[in-house]
Protein chains: 2
Amino acid sequence: MNQGNLHADLSIKGTQERVDVLAANGRIRIERIVSLAHQSPEGFWYDQDEDEWVAVLSGAAIIEFDDDGTVVRLQVGDWLQIPAHRRHRVTWTTPDEPTVWLAVFYS
Amino acid sequence: MNQGNLHADLSIKGTQERVDVLAANGRIRIERIVSLAHQSPEGFWYDQDEDEWVAVLSGAAIIEFDDDGTVVRLQVGDWLQIPAHRRHRVTWTTPDEPTVWLAVFYS
């Protein structure tokens, strides 16, 4: 049986965010992402082919959208649906503790 | 923009669990479910056409599987993937606080 804990093993190796794929088939992918003071590179925008539903389970983060400049601050439990190709970037995650994201990508 | 907080408004009206559909299209459905001492009726088994990925975000629960009698105790952060048609039931959720589930159904 596939099982685990979303708050277990938050260790990050190297400089990138940690990404664990928890479930996937051809149409859906569920990822746990761990950030620690990570942010998207200056000038970089995610421009995804898939819809994304994302929640912050611990920590805190800020997402900015390209189209209308909306800035969304996410705290524990906050979730957001991001349509495919709505360009966005993560401008901040807290340095105080790991930020645990749960992201569901689907099309 | 579709957004919310997974731990907001946990009120339950009536005797059934509370189910909020957070996102859905023809192939995927993301639900927040709130239980408070709820359990599946005696002799009832979920037998679902869809795969399910489910996590407990607060509270605690116990799921039992029909095929091999496996009993899984879920605490905060624990997640589980349940294949379609693997019969299961919720035998217990804590009466001490709301149990918040995040469930992703997909096929």
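Residues numbered from 1 in each chain as written. Chains lettered and ligands numbered in written order. Predicted model: local features only at pLDDT ≥ 70, side-chain atom pairs only at ≥ 80, totals over all residues. Heavy atoms only, no water.

An unreviewed UniProt entry annotates chain A as Cupin domain protein of Rubripirellula amarantea.

Overview of the sheet that holds strand S8 (residues 88-93) of chain B
Residues and elements named next belong to chain B. Judged by pairing direction, the sheet is antiparallel, and its 3 strands sit side by side in the order S6-S5-S8 without closing on themselves. Across the chains shown, the open sheet's two edge strands, defined by having one partner strand only, are strand S6 (71-74) and S8. This sheet shows a mean twist of 25° between the axes of neighbouring strands, independent of strand direction. Relative to S6, strand S5 (residues 61-65) is paired through 4 bridges, and the arrangement is antiparallel. Paired with Ile62 across the bridge in S6 is Arg73. (Pairing = 2+ DSSP bridges. Helix = DSSP H or I, 4+ residues; strand = E, 2+ residues; numbered from the N terminus. Axes fitted to C-alpha atoms, helices over the stretch in contact; angles between N-to-C directions.)

Describing the nonpolar core
For soluble globular proteins, nonpolar side chains are generally found buried alongside one another. With 26 residues, the main nonpolar core has A:Trp53 and B:Trp53 as its most contacted residues. For this core, the secondary structure elements donating two or more residues are strand S2 (18-24), strand S3 (28-35), strand S4 (51-58) and strand S9 (99-106) of chain A together with strand S2 (18-24), strand S3 (28-35), strand S4 (51-58) and strand S9 (99-106) of chain B. With residues near it in sequence (within four places) discarded, B:Trp53 still touches A:Leu6, A:Leu22, A:Ala23, A:Ile30, A:Leu102, B:Trp79, B:Leu80, B:Gln81, B:Leu102, B:Ala103, B:Val104 and B:Tyr106. (Core = buried A, V, L, I, M, F, W, Y, C linked by side-chain atoms within 4.5 Å. Buried < 20%, exposed > 50% of the residue type's maximum accessible area, 1.4 Å probe, protein only. Contact = heavy atoms within 4.5 Å.)

A word on the pattern of salt bridges
Taken as a whole, this structure holds 16 salt bridges over all chains when the rule is applied. Across the pair A:Arg29 and A:Glu31 runs a salt bridge whose closest N-O atoms are separated by 2.8 Å. We note a salt bridge from B:Asp9 to B:Arg18, for which the minimum N-O separation is 3.2 Å. For B:Asp9, a relative accessible area of 48% corresponds to the partly exposed category. Connected through shared salt-bridge partners, A:Asp9, A:Arg18, A:Asp20 and A:Arg32 make up one network. (Salt bridge = Lys/Arg side-chain N within 4 Å of Asp/Glu carboxyl O.)

Concerning the interface of chain B and chain A
Counting residues at the interface gives 30 residues for chain B and 30 residues for chain A. Buried surface at the junction of chain B and chain A, both sides included, amounts to about 2800 Å², of which 64% is carbon and sulfur. Linking chain B with chain A are 0 salt bridges, by the criterion used here. Inspection of the region where chain B meets chain A yields 12 residue pairs in polar contact (both at pLDDT 80 or more). (Buried area = accessible area lost by both parts, 1.4 Å probe. Polar contact = N/O pair within 3.5 Å; in protein donor to acceptor, adjacent residues only side chain to side chain.)

Considering empty space enclosed by the protein
On inspection of all chains with the given rule, the structure shows 1 cavity of 30 Å³ or more. In terms of residue class, the lining of the largest cavity is made up of 4 nonpolar, 3 polar and 2 charged. (1 Å grid on protein atoms, 1.4 Å probe; cavity = no way out; pocket = protein on both sides within 12 Å on 5 of 7 lines; lining within 4 Å. Points joined across faces, edges and corners; volume = space filled by probe spheres on them. Nonpolar A, V, L, I, M, F, W, Y, C, P; charged D, E, K, R; others polar.)

Comments concerning the pairing of strand S7 (residues 78-82) of chain B
Of all 5 residues in S7(B), 5 are buried; the element is thus mostly enclosed. Here S7(B) shows a buried face lined by B:Asp78, B:Leu80 and B:Ile82 and a second buried face lined by B:Trp79 and B:Gln81. Note: strand S1 (residues 3-5) of chain A against S7(B), 3 bridges, orientation antiparallel. Pairing of A:Gln3 across the sheet is with B:Leu80, part of S7(B). Pairing of S4(B) with S7(B), which is carried by 4 bridges, proceeds in the antiparallel orientation. Counted as the bridge partner of B:Trp53 is B:Gln81 from S7(B).

A word on the packing of aromatic side chains
All names here are of chain B. Under the definition given, this model contains 4 aromatic pairs over all chains. An angle of 25° between the planes, with centres 5.8 Å apart, marks the rings of Trp53 and Trp79 as stacked. Linking Trp53 in strand S4 with Trp79 in strand S7, this pair joins segments that are 26 residues apart in sequence. Here the two residues Trp53 and Trp79 agree in accessibility, since each one is buried. Across the ring face of Phe65, the terminal group of Arg86 is positioned such that the distance to the ring centre comes to 4.0 Å. Its end group placed over the ring of Trp45, Arg89 keeps NZ or CZ at 5.9 Å from the ring centre. (Phe/Tyr/Trp six-rings, centres within 6.5 Å; stacked < 30°, edge-to-face > 60°. Lys NZ or Arg CZ within 6 Å of the ring centre and 35° of its normal.)

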